[in-house]
Amino acid sequence: MSTEQHATRRREDYRVPEYLVEEIRLTFQLYAESTVVTADTVYAVNQQSTDCTGRLQLSGENMELVEVRLDGRRLEADEFEVSAMDLILVPGKDRFELQVVTRIDPVANTALEGLYCSNGNYCTQCEPEGFRRITYFPDRPDVLARFTTRIEGDRQTCPVLLSNGNLIESGELGNGRHYAVWQDPFPKPCYLFALVAGRLVAIDDTFTTRSGRDIALRIFVEARNRDLCDHAMRSLKKAMQWDEDVYGLEYDLDVFMIVAVDDFNMGAMENKGLNIFNSRCVLASPQSATDQDFLGIEGVVAHEYFHNWTGNRVTCRDWFQLSLKEGLTVFRDQEFSSDMNSRAVQRIDDVQLIRNFQFREDSGPMAHPVRPDAYVEINNFYTVTVYNKGAEVIRMMHTLLGAADFRKGMDLYFARHDGQAVTCDDFVAAMADASGVDLGQFKRWYSQAGTPVVKVSGQWLAEKRRYVLRLRQSCPATPGQDGKEPFHIPIAVGLLDSRGRDMLNGDRDGTRVLELREREQSFSFPDIGEKPVLSFLRGFSAPVKVELDQSREELAFLLAHDTDLFNRWYAASKLSEIVVMETVARLQANAQPVLDSDFVAAVRANLQRPASDKALLALALQLPAETYLAQQMDTVDPVNLHRGREFVRSQLSSLLADEFRRIYDDNNEEGEYRITPEAMGRRSLKNVALAYLMARVPTDEEIYALCCGQYAEAGNMTDAIAALSCVTRIEGRRRQEILHHFYTRWQADPLVLDKWFTLQAVSPLADTLAEVTRLLANPSFSMKNPNKVRALIGAFCSGNHYRFHDVSGAGYAFLTDRIIELNATNPQIAARMLSPLTVWKRYDPVRQDLIRRQLERILAVDNLSGDVYEIARKSLQ
Ligand code: 0A1
Ligand code: ZN
């Protein structure tokens, strides 16, 4: 596959569009394998454009062009050029109406971009560049148009016909067909267009806005899922209320619709007034969904709803600005979830995602700035960097400005840009102008990739009663960016006295936000009368790596006393990291591992302290993930890493068996299932205790029976899955029985079966890959369904570090086979599956060689998609 076929797009090449669209009227004649789309579009020359080529270039892919009419006249074949990617003509006028008729095949559309079928229902996915698979159009976010959509379909199979905006007309057509016409009064880019048609039922509710308008809320699902929408509906109403309370933002149409479909590449999509969701992010009941699922649904429903303002009313000028809407909207959904649940737990979860995945991306071949400079395939840039690091960048501005000025900045942003397609610079300008804070240097967070490292040394000068903190920042080179300029980094710190009280006064909660701007900078704290313990980077105030030598005693002290709850967790995690890595080093040196008794004492003390927040205690007890620990090794050694971590787990299990048992018993009372933070915290603590109890080697028979009992009696999925997950880690007949029981019980529920596939895929047992390979043939598995691919293949390759990296290379070959298969059907998913192979340079020479060969095998594939090509190519560079 030659490079020319995969052109690179650059941010600096941006040109304003030569033609704009005043309005577009779409007609869909829906037929499963041959849908006809008629697009009547009014174009006018853009007065802002300095290009006057006179050429109208419309993007279009994977469809048949039936005819083109210019102001009613059918164009002859020699009056336009059509290729595999576009349609070009010279209209010869400044304002004209173009009619384009295309034919598409929704059933054959396995890429799930454009118009496709999922379980026999029609739906669309147009972000980022799916609209060009529906009709020829200027498929770019800075072309905003008013849409009117007429849908014609079979009344039997498609009783429900939906599009964006308001329903303005509907009726019968004869021949068993009917139609509906939808009109969206808000101009929008075509990536926000949506259509849904099928046999669906609606769950209805209403929300009254603060100005007194009644909004109809409707969730559409297949009839079998009718009872699984309550939580999503409640979440939606909470999100609507929150956006009014916190940002003064009201919903703007008369109806807000959510549709759940089983086949979807991502989590959900914020199409104007008609959000389309992966059913995983909508459907839940206590019996079938875990606490994590409930939280996830609440967050995603809110995220998509919040896009109505941050994304839809104000959208992106071009796709390099993706973080303008995504970073900001992730920040907003994180804050919403913090307000609805436990702020500390939310923060820990968000930071774990950054540390486990974003830091890894930022140090590998796909590292890119929050606002990328170039891409081959924009679908590859829906990343943890653009989304989650982007959210951290917004959070840092929130920290630097304070909540009140941040809100002023948001207000100014909407006042200036409502109805426009803008850039990240425009957002930062609104924040700076509203607050008077200089964000010039801060903007480097948008342009420089890589994770900054902050080296810290603190010194207490007894005679001067002064504490001095010396900070040094650096940032490693990333592809295409060798030297980095210093960042403007907000660093929240506290100083604790020997009794654990904050010593810095006058600031919020004893926390002071330092602004690190230089490569090297010192900060001095007067009136510090005793040697303090430093609580650094409170709340993870910046997405940086910290190099700070803290003794185990200091970490144990912070774990017990820090007034910043996030940093208590951080201390626990750091302490475990040190202990696990020490064990790994001993195993590598063929020495007998021993568990540090001070560490055991610190964990014991933690277990014995009255747990005010059980969720936090549960998080503090969990050892860092192997994928995170792997990043801390110069050369990753998957086998000893796994053994070392398991050794610490099993030692804690036997040394603290009584404590874990007491915690389990104390928290085992399960009355009516509730999803309050307290109830979720109790369940998670109980299940962490169970996992430790089950980690004992050899397995304690009584505990095993306890675990099986929990599985059998569980009235909710959280407890059932927790027990099942312990059992799947232990070989034996009962494992098979219980897995079989679960499969039989849930055979009809694809979302629950995803959990069943995942549990088997992440098992550390030796024959896991063989089992995963067998499961590919299970009748409930399908390579066409992205959730299934993620649940089985994704879980094994990204979630089972130990077995995936088996030195035989079998895991790598397995993944490569699947990627090659997916490349032909769903390139987006194929490309996402590549990520565990991209970091090959961090492994030993034997594994490096094995992975490199697989990457080369991928690059040799005929018809390699741009999606897969870009990631495989960059990985090998
Ligand atoms: N804008 C959506 C994410 C999304 C992106 C691409 C998709 O299909 C290719 C689907 C959804 C969000 O942030 O939720
Ligand atoms: Zn989003």
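Bear in mind that the values here come from a model prediction, so they are computed numbers and not experimental data.

Draft legend 1. Representation of the coordination of the zinc ion (ligand 2) within the structure. Looking at the zinc ion (ligand 2), the protein donor atoms are His303 (NE2), His307 (NE2) and Glu326 (OE), and they sit 1.9 to 2.1 Å from it. Note that the zinc ion (ligand 2) binds four donor atoms; their angles at the metal cover 98 to 127 degrees, and the shape is tetrahedral. Along the chain, the residues donating to the zinc ion (ligand 2) fall in the pattern H-x3-H-x18-E. Pair noted here: histidine 303 is in helix H2 (residues 291-306) and glutamate 326 is in helix H3 (residues 322-340), with a separation of 23 residues, a long-range link. Across this residue pair, the class does not change: histidine 303 and glutamate 326 are buried.

Draft legend 2. Inspection of the sheet that holds strand E8 (residues 86-89) at higher detail. Within the open sheet, the three strands sit side by side as E4-E8-E7. Their pairing is antiparallel. A single partner strand is all that each edge strand has here, and the edge strands are strand E4 (56-59) and strand E7 (80-82). For this sheet the average axis-to-axis angle between neighbouring strands, irrespective of direction, equals 15 degrees. Pairing of E4 with E8, which is carried by four bridges, proceeds in the antiparallel orientation.

Draft legend 3. Geometry of the environment of aspartate 817. Its location among the elements puts aspartate 817 in helix H24 (residues 810-825). Given a relative accessible area of 32%, aspartate 817 falls into the partly exposed group. Sequence separation between aspartate 817 and methionine 269 is 548 residues; the distance between their C-alpha atoms is 30 Å.

Draft legend 4. Main features of the site of ligand 1. Of all residues adjacent to ligand 1, which total 15 residues, the nearest are Glu127, Glu270, Glu304, Glu326 and Tyr387. The separation between an oxygen atom of ligand 1 and a polar side-chain atom of glutamate 326 is 2.9 Å. In the environment of ligand 1, an oxygen atom lies 2.7 Å from a nitrogen or oxygen atom belonging to the side chain of tyrosine 387. Contact with the protein chains hides 97% of the accessible area of ligand 1, taken as 360 Å² for the molecule alone. Going through the elements one at a time, strand E20 (268-269), H2 and H3 are the ones with two or more residues in the shell around ligand 1. Of the residues in the shell around ligand 1, the class split is five nonpolar, five polar and five charged. Shared between two domains, the shell around ligand 1 takes at least three residues from each, and those domains are domain 1 (9-287) and domain 2 (314-446).

Draft legend 5. Region of interest: the domain arrangement of the chain. In terms of domains, the chain is made up of domain 1 (9-287), domain 2 (314-446) and domain 3 (453-549). Taking only C-alpha atoms into account, the centre of domain 1 sits 49 Å from that of domain 3.

Draft legend 6. Region of the structure containing the confidence of the model for the chain. With 99% of its residues at a pLDDT of at least 70, the chain reaches an overall mean of 97. Reported confidences for the modelled complex are a pTM of 0.98 and an ipTM of 0.98.

Draft legend 7. Looking closely at the packing of helix H22 (residues 786-799) against H24. Axis separation between H22 and H24 bottoms out at 10 Å; the angle between their running directions is 145 degrees. In the crossing of H22 with H24, the sense of the turn from one axis to the other is left-handed. The residues of H24 that touch H22, namely those facing Val789, Ile793, Phe796 and Cys797, are Gly811, Phe814, Leu815, Arg818 and Leu822.

Draft legend 8. Expanded view of the pattern of salt bridges. Throughout the structure, instances matching the rule amount to 74 salt bridges. With a closest N to O distance of 3.2 Å, aspartate 665 and arginine 661 form a salt bridge. With a gap of four residues between them, aspartate 665 and arginine 661 both fall in helix H15 (residues 657-666), about one helical turn apart. With a relative accessible area of 22%, arginine 661 lands in the partly exposed category. Ionic contacts of the salt-bridge type, sharing partners, join the residues Glu127, Glu270, Lys325 and Glu326 into one network.

Draft legend 9. Just the pairing of strand E3 (residues 35-45), in detail. Counting buried positions along E3 yields 10 of 11 residues, so the element is predominantly enclosed. Judged from the 10 bridges that link them, strand E2 (residues 19-29) and E3 form a sheet pairing that is antiparallel. Paired with glutamine 29 across the strands is valine 36, a residue of E3. Here E2 hands over to E3 after five residues, the two strands then running antiparallel side by side. The sheet contact formed by E3 and strand E9 (residues 95-104) spans 10 bridges and is antiparallel. In the strand pairing of E9, threonine 35 is matched with isoleucine 104.

Draft legend 10. Representation of the sheet that holds strand E25 (residues 453-461) in the model. Strands sit in the order E29-E26-E25-E31 across an open sheet of four strands; the sheet is mixed. Of all strands in the sheet, those with a lone pairing partner are strand E29 (520-525) and strand E31 (545-547), marking the two edges. Adjacent strand axes in the sheet meet at a mean angle of 25 degrees, parallel and antiparallel pairs treated alike. With three bridges connecting them, E25 and E31 associate as parallel partners. Following the sheet pairing, valine 454 is matched in E31 by valine 546.

About the criteria used
- Residues numbered from 1 in each chain as written.
- Chains lettered and ligands numbered in written order.
- Predicted model: local features only at pLDDT ≥ 70, side-chain atom pairs only at ≥ 80, totals over all residues.
- Heavy atoms only, no water.
- Donors = N, O, S within 2.8 Å, 3.2 Å for Na, K, Ca; no water.
- Tetrahedral: all angles 85-135°; square planar, octahedral: opposite > 155°, others 65-115°.
- Helix = DSSP H or I, 4+ residues; strand = E, 2+ residues; numbered from the N terminus.
- Buried < 20%, exposed > 50% of the residue type's maximum accessible area, 1.4 Å probe, protein only.
- Pairing = 2+ DSSP bridges.
- Axes fitted to C-alpha atoms, helices over the stretch in contact; angles between N-to-C directions.
- Near = heavy atom within 4 Å.
- Polar contact = N/O pair within 3.5 Å; in protein donor to acceptor, adjacent residues only side chain to side chain.
- Areas by Shrake-Rupley, 256 points an atom, 1.4 Å probe, with all protein chains shown as cover.
- Nonpolar A, V, L, I, M, F, W, Y, C, P; charged D, E, K, R; others polar.
- Domains from an automatic or database assignment.
- pLDDT = per-residue confidence, 0-100.
- Left-handed = near helix turned anticlockwise from the far one by under 90°.
- Contact = heavy atoms within 4.5 Å.
- Salt bridge = Lys/Arg side-chain N within 4 Å of Asp/Glu carboxyl O.

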